[in-house]
Amino acid sequence: PPPPPPPPPPLPPPPDRCHVMERTELSGDVVRWGADHKVSSAAACCTACLAEDRCSVWVYCAGPACGAQAGECWLKALADPFSDVDLVRGRSDRWTSGTRLPPPPAGAT
């Protein structure tokens, strides 16, 4: 008999639970090290964060600048990613980050 069909790809995380910040590297306490946690996409990294109770933000490395870090998915705990003064927002050529919580309304930070 023919082999069974491959399983369908995982569904992307719900948009209301996966708030992406492109070209951004968020800090935080590491919940899962990215060096030994590689995934295929930022959506897969967000899904991994949603499955880990302690994870509040995730950081995914994609693009040519990543080199050996390509695909790394770092899961982190950060109480308030929107007030982090050390945030590298919009200046990273390697990292895409995201949060479980939606950003605050404009002017609320």
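Criteria and cut-off values
Residues numbered from 1 in each chain as written. Predicted model: local features only at pLDDT ≥ 70, side-chain atom pairs only at ≥ 80, totals over all residues. Heavy atoms only, no water. Helix = DSSP H or I, 4+ residues; strand = E, 2+ residues; numbered from the N terminus. Buried < 20%, exposed > 50% of the residue type's maximum accessible area, 1.4 Å probe, protein only. Contact = heavy atoms within 4.5 Å. Areas by Shrake-Rupley, 256 points an atom, 1.4 Å probe, with all protein chains shown as cover. Salt bridge = Lys/Arg side-chain N within 4 Å of Asp/Glu carboxyl O. Disulfide = S-S within 2.5 Å.

**What about the overall build of the chain?**
Turning to step 1, where the next piece is worked out: In terms of regular secondary structure, the chain is built from one helix and seven strands.
Turning to step 2, where the next piece is worked out: Ordered by position from N to C terminus, the α and β elements of the chain give β-β-β-α-β-β-β-β.
Turning to step 3, where the next piece is worked out: With 109 residues in all, the chain has 35% of them scored as buried.
Turning to step 4, where the next piece is worked out: Look at the contacts in the chain between residues 6 or more apart in sequence, and 72% of them connect residues 24 or more apart.
Turning to step 5, where the next piece is worked out: Taken as a whole, the chain presents about 6700 Å² of accessible surface, with 60% of it coming from carbon and sulfur.

**Observations regarding the pattern of salt bridges**
Turning to step 1, where the next piece is worked out: Counted under the stated rule, the structure contains one salt bridge.
Turning to step 2, where the next piece is worked out: Ionic pairing is found between R54 and E52, a salt bridge with its closest N-O pair at 3.4 Å.
Turning to step 3, where the next piece is worked out: Its relative accessible area of 53% is what places R54 among the exposed residues.

**A word on helix α1 (residues 42-50)**
Turning to step 1, where the next piece is worked out: Burial in α1 covers these residues: C45, C46, A48, C49 and L50.
Turning to step 2, where the next piece is worked out: Against β4 (57-61) and β5 (73-77) lie the buried residues of α1.

**Describing the state of the cysteines**
Turning to step 1, where the next piece is worked out: With the rule as written, the count across this model stands at three disulfides.
Turning to step 2, where the next piece is worked out: With its sulfur 2.1 Å from that of its partner, C49 forms a disulfide with C55. When the S-S torsion is -105 degrees, as for the bridge of C49 with C55, the disulfide is left-handed.
Turning to step 3, where the next piece is worked out: The connectivity of the disulfide-linked cysteines in the chain, indexed sequentially, is 1-6, 2-3, 4-5.

**Concerning the environment of C73**
Turning to step 1, where the next piece is worked out: Locating C73 in the fold gives a position in strand β5.
Turning to step 2, where the next piece is worked out: Using a relative accessible area of 0% as the deciding quantity, one classes C73 as buried.
Turning to step 3, where the next piece is worked out: When the C-alpha positions of C73 and Y60 are compared, they lie 4.6 Å apart, and in sequence the two are 13 residues distant.

**Comments concerning the side chain of H37**
Turning to step 1, where the next piece is worked out: The residue H37 is located in the loop between β3 (29-32) and α1 in this model.
Turning to step 2, where the next piece is worked out: If we skip the residues at most four places from it in the chain, H37 touches R32, A48, G71, E72, C73 and L75.

Don't take any of this as a statement about function, it's just geometry.
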